[in-house]
Amino acid sequence: MKIMVLGIGNILMRDEGVGVKTIEYLQKMNLPEEVELLDGGTSTPLLFPYFTEIDHLIVIDAVKGNMPPGSIYRLGLADLVPPDDSPVSLHDLGLVDALNMAAMTGKRPKSIVIFGIEPKIIDWGMELSPEVEVCIPKVAQLVLEEVEKIINSALRSCADQRGES
């Protein structure tokens, strides 16, 4: 089983880089061997080959949802493109396109979870706003909890299959 944690964003545009900064934070942690971390930068359409090789995808990105800066959202793939077809993040359409391309090859992740962080400042600069920076440990904890759920679910499934044979 392969779980990818993907941080996307532009680190040159302050809070827009929160996904990448969270990956940098997670790189300092001892993660299960099933977990692969990837800094996807801003080139989400080019990521589709990775999506054909993994079982589960967790994405971290800045997401404008009109809540206070630092608010954290847990979204699914269907949440990325609202009914009016305007994406909630600059990268969302590219992510959806890359996942659709992976699906056309017959393989895409079984589960996709997106953790979005409401930005405060999208402007030139490399530092996160204090409201967003303080969220990184909490988002990392949410990612770890999601990874644990995925692994535990897989273990239960294996145990169930062994019990049936």
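Residues numbered from 1 in each chain as written. Predicted model: local features only at pLDDT ≥ 70, side-chain atom pairs only at ≥ 80, totals over all residues. Heavy atoms only, no water.

1. Quick word on the pairing of strand β3 (residues 56–62)
Among the 7 residues in β3, 7 count as buried, and that is most of the element. In β3, alternate side chains face the same way, and those of His56, Ile58, Ile60 and Ala62 on one face and Leu57, Val59 and Asp61 on the other are all buried. Sheet topology places strand β1 (residues 3–8) next to β3; 5 bridges connect them, and they run parallel. Paired with Leu6 across the bridge in β3 is Val59. Pairing analysis gives 7 bridges linking β3 to strand β5 (residues 111–117), with the strands arranged parallel. Within the sheet, the bridge partner assigned to Ala62 lies in β5 and is Ile117. (Buried < 20%, exposed > 50% of the residue type's maximum accessible area, 1.4 Å probe, protein only. Helix = DSSP H or I, 4+ residues; strand = E, 2+ residues; numbered from the N terminus. Pairing = 2+ DSSP bridges.)

2. Re the sheet that holds strand β2 (residues 35–41)
With mixed pairing, 5 strands are arranged side by side in an open sheet as β2-β1-β3-β5-β4. Lying at the two open borders of the sheet, with one neighbouring strand each, are β2 and β4 (72–75). Between one strand axis and the next, the sheet turns by 20° as a mean value, whatever way the strands run. In this structure, β1 lies alongside β2, joined through 6 bridges in parallel fashion. For Met4, the partnering residue across the bridge sits in β2 and is Glu36. Against the sheet, helix α1 (residues 18–26) engages β1, β2, β3 and β5, with an angle of about 135° to β1. (Axes fitted to C-alpha atoms, helices over the stretch in contact; angles between N-to-C directions. Contact = heavy atoms within 4.5 Å.)

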